[in-house]
Amino acid sequence: MKKQKVCLVTGAGGKIGQKVLANLVSKGKKVLALAEPDDVFSPSVLKTHNIRINTALPVTSKSFAKHDVQFCFGDLSDISYLASIFSSADSNDIEIEYVIHLSANKEIQKTSPHAYHPDFGDTVNLLEVARAYWQANKSAFKGFFFASDSSSKGDNKIVQMLQK
């Protein structure tokens with residue numbers, strides 16, 4: 001069976017994440033969307049862009065036959081949760097081609113709601129899991145994209161991960 005190619009997007013429930021997700025779907029991409037359990041996806045985005053979503057588990061290539069987006073809700077700071085997403089995708093005929101990381105630090109956003117502050121613990125965990133996936137799937141995995149406007153000390157950890 002041919003594997004279903006998807007883009008994995010973190011922070012897919014956020015304002016920027018919803019725009020990125022809608023753009024990917026409009027280009028014919030299938031999306032594995034990771035979001036926090038308390039994130040709320042805008043029904044108007046779904047309707048405007050005619051996006052078909054699924055939240056039922058497990059995530060399989062068959063679930064993408066009728067849906068554009070598969071949402072998975074969980075804690076991105078939990079490396080075992082992230083690892084389970086990648087291993088489940090791999091064992092269910094899904095190839096993750098791209099990771100687009102838009103996750104933000106919720107605690108900082110509570111005090112500065114208009115500021116974007118990435119949670120570098122989440123990022124380091126995601127990089128670690130994505131790197132292991134890339135090493136096992138070099139022909140499938142094409143890239144990791146990270147969006148940040150912060151100049152935090154956490155950037156050093158990210159650079160170190162990329163240099164491994």
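None of the values given here were measured: they were computed from a predicted structure.

Draft legend 1. Inspection of the sheet that holds strand S4 (residues 69-73) at higher detail. Spatially, the 6 strands line up as an open sheet ordered S3-S4-S2-S1-S5-S6, and their pairing is parallel. Each having just a single partner strand, strand S3 (53-54) and strand S6 (143-146) make up the two edges of the open sheet. Relative to strand S5 (residues 94-101), strand S1 (residues 4-10) is paired through 7 bridges, and the arrangement is parallel. From the neighbouring strand, Gln4 faces S5, where its bridge partner is Ile94. Contacts from helix H1 (residues 15-26) reach S1, strand S2 (30-35), S4 and S5 within the one sheet, and its direction differs from that of S2 by about 165 degrees.

Draft legend 2. Looking closely at the confidence of the model for the protein. Considering every residue of the protein, the mean pLDDT works out to 80; 79% of them sit at 70 or more. Here residues 112-118 is modelled with pLDDT under 50, and outside its nearest four sequence neighbours on either side it reaches 17 contacts, counting other chains as well. Ignoring residues within four places in sequence, the model shows residues 151-164, a span with pLDDT below 50, making 16 contacts including any to other chains.

Draft legend 3. Spotlight on the pairing of S5. In terms of residue burial, S5 counts as a mostly covered element, since 7 of its 8 residues are buried. Here S5 pairs with S6 via 4 bridges, running parallel. Residue pairing across strands places Ile100 opposite Phe145, the latter belonging to S6.

Draft legend 4. Region of the structure containing the packing of aromatic side chains. If you walk through the whole model with that rule in mind, you get 4 aromatic pairs. A connected cluster of aromatic rings, assembled from ring pairs, spans Phe86, Tyr133 and Phe141. If you follow Lys138 out to its NZ or CZ, it ends over the ring of Trp134, 4.8 Å from the centre.

Draft legend 5. Broad picture of the nonpolar core. The biggest cluster of nonpolar side chains holds 21 residues, and the ones touching the most others in it are Leu8, Leu32, Leu34, Phe86 and Ile96. Among the secondary structure elements, those contributing two or more residues to this core are S1, S2, helix H4 (79-91), S5 and helix H6 (120-136). With 5 residues, H4 is the single largest residue contributor to this core. When neighbours within four sequence positions are excluded, Leu32 is seen to be in contact with Val6, Cys7, Leu8, Val9, Val59, Phe64, Gln70, Cys72, Ile85 and Ile96. Among the nonpolar cores identified, the runner-up in size contains 17 residues, and Cys7, Ala22, Phe41 and Ile100 belong to it.

Draft legend 6. Representation of the pattern of salt bridges in the model. Scanning all chains against the criterion turns up 6 salt bridges. Glu97 is the salt-bridge partner of Lys29, the closest N and O atoms lying 4.0 Å from each other. Of this pair, Lys29 sits in the loop between H1 and S2 while Glu97 sits in strand S5, placing them 68 residues apart in sequence. By relative accessible area, which is 32% here, Lys29 ends up partly exposed. Lys30 serves as the salt-bridge partner of Asp68, at 3.8 Å between the closest nitrogen and oxygen. Taken together, the positions of Asp68 in the loop between helix H3 (63-66) and S4 and Lys30 in strand S2 put the pair 38 residues apart, joining distant regions of the chain. Lys30 carries the same exposure label as Asp68, and that label is buried. Taken together, the shared-partner salt bridges in this structure form one network comprising Lys29, Glu97 and Lys142.

Rules used throughout
Residues numbered from 1 in each chain as written. Predicted model: local features only at pLDDT ≥ 70, side-chain atom pairs only at ≥ 80, totals over all residues. Heavy atoms only, no water. Pairing = 2+ DSSP bridges. Helix = DSSP H or I, 4+ residues; strand = E, 2+ residues; numbered from the N terminus. Contact = heavy atoms within 4.5 Å. Axes fitted to C-alpha atoms, helices over the stretch in contact; angles between N-to-C directions. pLDDT = per-residue confidence, 0-100. Buried < 20%, exposed > 50% of the residue type's maximum accessible area, 1.4 Å probe, protein only. Phe/Tyr/Trp six-rings, centres within 6.5 Å; stacked < 30°, edge-to-face > 60°. Lys NZ or Arg CZ within 6 Å of the ring centre and 35° of its normal. Core = buried A, V, L, I, M, F, W, Y, C linked by side-chain atoms within 4.5 Å. Salt bridge = Lys/Arg side-chain N within 4 Å of Asp/Glu carboxyl O.

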